[in-house]
Amino acid sequence: MKCGEGIEARQVNELFINIDPIQAGGRLTGDAIKAIIAYGDGYSVCDNCRKPNRLDCIAKPPIDTFHKDVARWLNMDEARMMPGARRGFQAVAHTYVEKGDPVLLTSLSHYTEFLAVEGARGVPCEIPADAGHIVTPDAAAAKIEETKKKFGKAPVLALIDQVDYQYGNLHDIAGIAKVARQYDVPVLCNGAYTVGTMPVDGKALGVDFVVGSGHKSMASPAPSGVLAATAERAKEIFRTTAIEGDVTGRKFGVKEPELMGCTLMGATLVGMMASFPYVKERVKHFNRELENNRIVMESLLSIEGTKILSEYPRKHTLTRVDTTASFDRVATTHKKKGFYFSSALNDRGIFGLIPGATRVWKFNTYGTTAKQARYLADAFVAVATENGLAIKK
Amino acid sequence: MNLVSKRSADLIFSATYLLTDLRMILRETAPGHELDERQRAEAARLLENLERQVNSLKQEMLR
């Protein structure tokens with residue numbers, strides 16, 4: 001079925017259980033789909049834009065209230081919606097980092113955090129994760145000291161992932177922020193995998209900024225995200241324009257340069273807004289998600305040779321496993337080689353594994369029902385059994 | 001505003017939204033789509049309502 005010339009109608013989430021590590025938390029709610037249908041036209045949210053002519057001030061639909069609600073929900077003072085978490089990193093880096101400035105990242109940081117630093121011409125200083133792939137406050141302190149010696153000053157900014165994309169491990173943001181504060185380093189908490197999936201309290205974490213991803217974790221269309229700040233930092237990051245045309249003398253009111261005026265318009269924004277009541281509710285039930293992950297994880301670990309590379313027990317549903325000694329052994333002799341694995345899962349209505357991957361791979365059970373989690377668990381064991389792998393009792 | 005046209009637009013949105021609710025049932029029950037009693041009752045309600053919306057739309061648009 002086509003939805004446009006050459007564009008296949010995507011039915012992945014109707015036909016499969018989707019465990020793609022980056023897609024699970026971004027699947028839309030029914031209300032988001034309905035909102036997109038109604039607000040798909042370009043400037044659809046601008047019908048009632050009145051002075052001061054800025055996106056976050058529009059009252060109909062209630063975009064102004066939504067911005068305040070999101071800030072309150074994250075226990076921060078102000079928030080702006082962004083076209084993706086990465087644009088949040090970029091805005092913050094652009095505000096605080098100058099050429100040659102050291103910026104604290106981690107050995108598990110997402111590439112877009114590096115690009116944000118690069119764009120601001122800063123220098124990345126990675127806090128190394130420990131052997132268990134956890135970034136600790138002690139390691140942060142050591143890196144700051146090392147940076148001070150090397151650069152003659154502390155990092156000007158720290159971008160720390162609350163849950164990293166590689167292992168899905170939960171890092172002690174509050175502890176790291178406490179250390180950073182001792183050196184007056186502003187901290188951005190990258191909540192791309194947490195904001196919208198589990199409770200996030202910016203003030204309790206002691207951070208200056210919380211960044212979330214709408215399309216990764218807030219049941220929203222892409223590209224969407226949120227940048228929230230404390231009142232003190234909001235004055236800096238959400239500063240208004242001061243520029244003036246030299247010929248026309250034009251000024252641009254309350255537009256915010258880091259946001260290039262208005263950021264997230266139309267269907268993406270209204271999709272986020274429509275999902276928000278559900279997102280607020282679902283974070284309260286993160287334990288259910290962990291329970292579903294446990295069902296699948298126990299099943300995978302029952303397959304002889306399978307190892308988990310993420311911290312265990314799991315504190316997040318994004319999980320990295322090593323099946324070199326199980327599913328990959330089959331791949332060496334199977335006629336489809338490594339592709340047998342994703343193919344067998346696809347045949348069972350499971351989507352999201354990289355085709356051909358049988359060694360180290362990731363999956364995310366977020367948003368599955370308990371019934372779907374049990375189905376997944378049984379499917380992994382069934383694929384193992386039919387390929388002669390032993391199951392531990 | 002032409003109230004007849006407004007009614008047609010409302011019916012189109014309403015029908016599309018009912019289909020969206022059905023779509024969500026598909027998502028919730030993938031991949032087997034074996035509906036439990038609650039889901040079956042909900043699907044039946046949505047489909048009946050959808051039929052009513054489509055019939056009304058026929059009357060509005062094809063008059």
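### Some remarks on the overall build of chain B
In terms of helices and strands, chain B carries two helices and zero strands. Computed over its C-alpha atoms, the radius of gyration of chain B comes to 14 Å, more than 25% above the 11 Å expected for a compact globule of 63 residues. In terms of overall dimensions, chain B has a C-alpha envelope of 45 × 15 × 15 Å along the principal axes. By residue count, 10% of the 63 residues in chain B fall in the buried class.

### Notes on the domain arrangement of chain A
Residue and element names in this part refer to chain A. As far as domains go, chain A holds domain 1 (16-23 + 285-386) and domain 2 (48-264). Contact residues are listed per partner, giving 11 residues for domain 1 and 12 residues for domain 2. At three residues, strand β12 (residues 318-322) tops the list of elements feeding residues into the side of domain 1 that touches domain 2. In terms of residue class, the side of domain 1 that touches domain 2 is made up of five nonpolar, three polar and three charged.

### Description of the nonpolar core
All names here are of chain A. Leu-74, Leu-157, Leu-188, Cys-189, Phe-209, Val-210 and Ala-228 are the most contacted members of the largest nonpolar core, which totals 85 residues. Apart from the residues lying within four places of it in its own chain, the contact partners of Leu-74 are Ala-79, Val-195, Val-200, Gly-202, Val-210 and Ala-228. Val-321, Trp-361, Phe-380 and Val-383 belong to the second-largest nonpolar core, a separate cluster that totals 27 residues.

### Describing the interface of chain B and chain A
Between chain B and chain A, the residue contacts involve 12 residues of the former and 12 residues of the latter. Per-class residue counts for the side of chain B that touches chain A are six nonpolar, two polar and four charged.

### Some thoughts on unusual backbone geometry
Residues and elements named next belong to chain A. Pro-52 follows Lys-51 through a cis peptide bond whose omega is 15 degrees. Summarising the element assignment, Pro-52 is placed in the loop between α2 (30-39) and α3 (63-73). You will see that Asn-53, though not glycine, has its phi angle at about 55 degrees, which is positive. Judged by the 15 C-beta atoms lying within 10 Å of it, Asn-53 is partly exposed. Backbone geometry at Arg-121 places phi at a positive 65 degrees, although glycine is not the residue there. Among the structural elements, Arg-121 can be located in the loop between α5 (111-119) and β6 (123-127). When the 12 C-beta atoms within 10 Å are taken as the criterion, Arg-121 is described as exposed.

### Considering the sheet that holds strand β14 (residues 360-364) of chain A
Sheet strands associate in pairs through backbone hydrogen bonding, adopting either a parallel or an antiparallel arrangement. Residue and element names in this part refer to chain A. Taking strand neighbours across the sheet as the criterion, the three strands line up as β11-β12-β14 in an open arrangement whose pairing is antiparallel. With partners counted over all chains shown, the strands left at the sheet margins are β11 (307-308) and β14, one partner each. Judged from the two bridges that link them, β11 and β12 form a sheet pairing that is antiparallel. Among the inter-strand pairings, Ile-308 is bridged to a residue of β12, identified as Val-321.

### A few points about the confidence of the model for chain A
Per-residue confidence for chain A gives a mean pLDDT of 98, with 100% of residues at or over 70. At the low end of the mean pLDDT range in chain A sits strand β1 (residues 2-4) of chain A, at 95; at the high end sits strand β9 (residues 209-213) of chain A, at 99.

### Remarks on the pairing of strand β4 (residues 78-82) of chain A
The two faces of a sheet get side chains in turn, since along a regular strand they alternate between them. Residues and elements named next belong to chain A. Most of β4 sits out of view: four of its five residues are buried. Here β4 runs beside strand β10 (residues 225-229); their pairing, made up of five bridges, is antiparallel. By the bridge assignment for β10, Glu-78 is matched with Ala-229.

Parameters at a glance
- Residues numbered from 1 in each chain as written.
- Chains lettered and ligands numbered in written order.
- Predicted model: local features only at pLDDT ≥ 70, side-chain atom pairs only at ≥ 80, totals over all residues.
- Helix = DSSP H or I, 4+ residues; strand = E, 2+ residues; numbered from the N terminus.
- Rg over C-alpha atoms; globule rule 2.2 N^0.38 Å.
- Buried ≥ 20, exposed ≤ 12 C-beta atoms within 10 Å, placed from the backbone.
- Domains from an automatic or database assignment.
- Contact = placed C-beta atoms within 7 Å.
- Nonpolar A, V, L, I, M, F, W, Y, C, P; charged D, E, K, R; others polar.
- Core = buried A, V, L, I, M, F, W, Y, C linked by C-beta atoms within 7 Å.
- Pairing = 2+ DSSP bridges.
- pLDDT = per-residue confidence, 0-100.

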